[in-house]
Amino acid sequence: MATPLLAGLAVAAAALAGRYGIQAWQAFKTRPPKPRRFYEGGFQPKMTRREAALILGIRENAPADKVKEAHRKVMVANHPDAGGSHYLASKINEAKDVMLGKTQGGSSAF
């Protein structure tokens with residue numbers, strides 16, 4: 001007599017837990033996404049290594065091969081021939097030059 005009663009309670013508990021789990025999952029899926037944090041601020045008049053690293057998405061002390069790889073990835077996404085901005089492309093190129101030590105910054109055409 002006790003066995004069917006315990007089995008029924010176990011099924012009821014599993015059903016309630018499943019229902020709660022489904023409701024929690026649906027609430028989780030419908031919540032608004034967290035806003036991404038971006039670097040707040042515009043470009044500096046003279047580009048620094050910090051700003052160049054932020055533009056390319058690398059560390060300030062990254063080796064040359066990482067700088068070139070990051071430059072290529074960012075440039076593919078923002079190339080003017082693919083609908084990107086000429087201004088951003090010049091800033092990306094300037095960031096690469098600053099990181100590779102080819103210029104001291106401030107050489108953007110814009």
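It should be noted that the structure appears before, not after, this text.
No experiment lies behind these values; they were computed from the predicted model shown.

So, on to the overall build of the protein. Each helix and strand in the protein was counted, giving 4 helices and 0 strands. Secondary structure elements of the protein occur, N-terminal to C-terminal, as α-α-α-α. When each of the 110 residues of the protein is scored for burial, the buried share is 23%. In the protein, 48% of the contacts between residues at least 6 apart in sequence involve partners at least 24 apart. In the structure as shown, the protein presents an accessible area of about 8500 Å², 60% of it carried by carbon and sulfur atoms.

Mapped onto the fold, His71 is located in helix 3 (residues 64-78). For His71, the side chain forms a polar contact with the side chain of Asn93, separated by 2.8 Å. Once residues lying within four places of it in the same chain are set aside, the contact partners of His71 are Leu56, Ile92, Asn93 and Lys96.

This part covers the packing of helix 2 (residues 49-56) against helix 4 (residues 86-100). The description of two packed helices rests on the angle between their axes and on the distance between the axes. Where helix 2 contacts helix 4, the two axes come as close as 9 Å, and the packing angle between them is 125°. One element, helix 2, and the other, helix 4, form an angle in the oblique class. The hand of the helix 2/helix 4 crossing is left-handed. Touching Arg49, Ala52, Ala53, Ile55 and Leu56 of helix 2 are Lys91, Ile92, Ala95, Lys96, Val98 and Met99, all from helix 4. Residues that form the contact of helix 2 with helix 4 fall into these classes: 8 nonpolar, no polar and 3 charged.

Within the secondary structure, Gly57 sits in the loop between helix 2 and helix 3. Judged by relative accessible area, Gly57 falls into the exposed class, the value being 63%.

Taken together, the side chains of Leu5, Leu6 and Leu9 make up a nonpolar region of the molecular surface, amounting to roughly 340 Å² of accessible area. Position of Leu6 among the secondary structure elements: in helix 1 (residues 2-30).

Our focus in this paragraph is the nonpolar core. The biggest cluster of nonpolar side chains holds 15 residues, and the ones touching the most others in it are Ala52, Leu56, Ile58, Val67 and Met99. Looking at which element gives the most residues to this core, the answer is helix 4, with 5 residues. Every residue in contact with Met99, bar those within four places of it in the chain, is listed here: Arg49, Ala52, Ala53, Leu56, Ile58, Arg59, Glu60 and Val67.

Moving on, we come to helix 4. Under the 1.5 Å per step criterion, the end-to-end length of helix 4 is 21 Å for 15 residues, consistent within 8% with the ideal 21 Å. Every buried residue belonging to helix 4 is among Ala89, Ser90, Lys91, Ile92, Glu94, Ala95, Lys96, Val98 and Met99, and all of these are buried. The secondary structure elements touched by the buried residues of helix 4 are helix 2 and helix 3. Its side-chain oxygen at 3.1 Å from the backbone nitrogen of Tyr87, Ser85 defines the N-terminal cap of helix 4. Remark: Gly101 follows helix 4 within two positions and exhibits a positive phi of approximately 80°.

About the thresholds
- Residues numbered from 1 in each chain as written.
- Predicted model: local features only at pLDDT ≥ 70, side-chain atom pairs only at ≥ 80, totals over all residues.
- Heavy atoms only, no water.
- Helix = DSSP H or I, 4+ residues; strand = E, 2+ residues; numbered from the N terminus.
- Buried < 20%, exposed > 50% of the residue type's maximum accessible area, 1.4 Å probe, protein only.
- Contact = heavy atoms within 4.5 Å.
- Areas by Shrake-Rupley, 256 points an atom, 1.4 Å probe, with all protein chains shown as cover.
- Polar contact = N/O pair within 3.5 Å; in protein donor to acceptor, adjacent residues only side chain to side chain.
- Axes fitted to C-alpha atoms, helices over the stretch in contact; angles between N-to-C directions.
- Parallel < 35°, antiparallel > 145°, perpendicular 65-115°, else oblique.
- Left-handed = near helix turned anticlockwise from the far one by under 90°.
- Nonpolar A, V, L, I, M, F, W, Y, C, P; charged D, E, K, R; others polar.
- Patch = residues over 30% accessible without salt bridge, like charges linked within 9 Å, V, L, I, M, F, W, Y side chains within 5 Å.
- Salt bridge = Lys/Arg side-chain N within 4 Å of Asp/Glu carboxyl O.
- Core = buried A, V, L, I, M, F, W, Y, C linked by side-chain atoms within 4.5 Å.
- Expected span 1.5 Å × (residues − 1).

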